[in-house]
Amino acid sequence: MHRILSALLITLSVALTGCAANVQRGADSGKLALSAAATKRMAMDVQGSTTAKTSKDWDQFRAVWQIEMSEAAKLQGLTLVPLETALAPNAEPTTLVTVQVNDYRYVTRAARVAVGIMTGNAFIDSDVSFSELPSGTPVGKRKYATSSSAMQGVFAPMTERQLQGISEEIVREVSQR
């Protein structure tokens, strides 16, 4: 009985952590033309369309994205610096990641568990441009999008997982790994 209970708890724990987000990427044009020095440091600027910026959870969305990007950068050995630091005179070479959020729907795991499929689908549609600082030279653009399906139930990747997945893709692009 104890083994069955343990197995059930482990299965439930794994299930509630959610699936990895499936990130759809637009066509790209190869590696970003970054100097080796700029692949060690990143700064991120999250901007949004009128639709995105007027969402009630816009500030939370941006804050979570900063956290996820910082974690993804740390895992790949990069440093995420504040935008002001990267733009300062005499700043070290840095990759500026400018995210334009076209649209999104923020759904938390708690909302999905509490309300079920009535919460709707989480999604993110964004365009990202990369430039090298301090010169400000543009080095590339990419499109990143994610979506979940209410049919996946509580196992669908919610917004935090989707931001994690996009952040990991962006960091991979910058670190060129």
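So, here's what we can say about the structure. (Residues numbered from 1 in each chain as written. Predicted model: local features only at pLDDT ≥ 70, side-chain atom pairs only at ≥ 80, totals over all residues. Heavy atoms only, no water.)

1. Some remarks on the overall build of the protein chain
Looking only at helices and strands, one finds six helices and six strands in the protein chain. The N-to-C order of helical and strand elements in the protein chain reads α-β-β-α-α-β-α-β-α-β-β-α. Looking at the protein chain as a whole, 43% of its 177 residues qualify as buried. In the protein chain, of all internal contacts separated by at least 6 residues, the share reaching a separation of at least 24 is 77%. Of the accessible surface of the protein chain, which amounts to about 9500 Å², a share of 59% is contributed by carbon and sulfur atoms. (Helix = DSSP H or I, 4+ residues; strand = E, 2+ residues; numbered from the N terminus. Buried < 20%, exposed > 50% of the residue type's maximum accessible area, 1.4 Å probe, protein only. Contact = heavy atoms within 4.5 Å. Areas by Shrake-Rupley, 256 points an atom, 1.4 Å probe, with all protein chains shown as cover.)

2. A look at the environment of Ser 147
Looking at where Ser 147 falls in the secondary structure, it is placed in strand S6 (residues 137–147). Between the alpha carbons of Ser 147 and Met 158 there is a distance of 8.6 Å; along the sequence they are eleven residues apart.

3. Re the packing of aromatic side chains
Considering all chains together, one arrives at four aromatic pairs under this definition. Ring geometry for Phe 61 and Trp 65: centres 5.7 Å apart, planes at 85 degrees, overall edge-to-face. Here the residue Phe 61 and the residue Trp 65 both occupy positions in helix H3 (residues 58–75), the gap between them amounting to four residues, near one helical turn. No difference in accessibility class separates Phe 61 from Trp 65, as the two residues are buried. Here the aromatic rings of Phe 61 and Tyr 104 are separated by 4.0 Å at their centres, their planes lie at 20 degrees, and the arrangement is stacked. One end of the pair, Phe 61, is in helix H3; the other, Tyr 104, is in strand S4 (residues 94–105), with 43 residues separating them in the sequence. (Phe/Tyr/Trp six-rings, centres within 6.5 Å; stacked < 30°, edge-to-face > 60°.)

4. Side note on the pattern of salt bridges
Within the structure shown, the criterion is met by seven salt bridges. Glu 173 is paired through a salt bridge with Arg 142; the nearest N and O atoms lie 3.2 Å apart. Of the two residues, Glu 173 is situated in helix H6 (residues 159–175) and Arg 142 in strand S6; the sequence distance between them amounts to 31 residues. Residue class for Glu 173 comes out buried when judged on its relative accessible area of 10%. By relative accessible area, which is 4% here, Arg 142 ends up buried. The network of salt bridges with common partners includes Asp 125, Asp 127 and Lys 143. (Salt bridge = Lys/Arg side-chain N within 4 Å of Asp/Glu carboxyl O.)

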